[in-house]
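# Results of the structural survey
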Amino acid sequence: MDDDQTVAVLTETIDQFFAEVDPYEFDSEDLALALVRALKHADAPSTDSTD
């Protein structure tokens, strides 16, 4: 995944996270875990069977 894709994934994940939680009352660990999951999901090999 290149830098532009990484930034896009992180930005989307942060936007979604704060759409669901109070931006003044959130657990930093929850945000970190959401970012890690999003990056792992985005970097996972595709399971599409288009071969």
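Source: prediction; values computed, not measured.

## A few points about the overall build of the protein
Of the regular secondary structure elements, the protein holds 2 helices and 0 strands. Against the globule reference of 10 Å for 51 residues, the protein gives a C-alpha radius of gyration of 13 Å, more extended than a compact globule. Dimensions along the principal axes, computed over C-alpha positions, put the protein at roughly 45 × 20 × 15 Å. Within the protein, the fraction of its 51 residues that count as buried is 14%. Carbon and sulfur atoms make up 51% of the accessible area of the protein, which totals about 4,400 Å².

## Focus on the packing of helix H1 (residues 3-20) against helix H2 (residues 28-43)
Contact pair H1 / H2: the axes reach a minimum separation of 9 Å and the direction vectors enclose 140°. It follows from the interaxial angle that H1 and H2 lie oblique. The two elements H1 and H2 meet at a crossing, and its hand is right-handed. Residues Thr6, Val9, Leu10, Thr13, Ile14, Phe17 and Phe18 of H1 form the contact with H2, whose participating residues are Asp30, Leu31, Ala34, Leu35, Ala38, Leu39 and Ala42. Its residues placed into classes, the contact of H1 with H2 shows 11 nonpolar, 2 polar and 1 charged.

## Some thoughts on H2
Under the 1.5 Å per step criterion, the end-to-end length of H2 is 23 Å for 16 residues, consistent within 8% with the ideal 22 Å. On the buried face of H2, the contacting elements are H1. Between the side-chain oxygen at the start of H2 and the backbone nitrogen of Glu29 there is a gap of 3.1 Å, and the oxygen is on Asp27.

Criteria and thresholds
- Residues numbered from 1 in each chain as written.
- Predicted model: local features only at pLDDT ≥ 70, side-chain atom pairs only at ≥ 80, totals over all residues.
- Heavy atoms only, no water.
- Helix = DSSP H or I, 4+ residues; strand = E, 2+ residues; numbered from the N terminus.
- Rg over C-alpha atoms; globule rule 2.2 N^0.38 Å.
- Buried < 20%, exposed > 50% of the residue type's maximum accessible area, 1.4 Å probe, protein only.
- Areas by Shrake-Rupley, 256 points an atom, 1.4 Å probe, with all protein chains shown as cover.
- Axes fitted to C-alpha atoms, helices over the stretch in contact; angles between N-to-C directions.
- Parallel < 35°, antiparallel > 145°, perpendicular 65-115°, else oblique.
- Left-handed = near helix turned anticlockwise from the far one by under 90°.
- Contact = heavy atoms within 4.5 Å.
- Nonpolar A, V, L, I, M, F, W, Y, C, P; charged D, E, K, R; others polar.
- Expected span 1.5 Å × (residues − 1).
- Polar contact = N/O pair within 3.5 Å; in protein donor to acceptor, adjacent residues only side chain to side chain.

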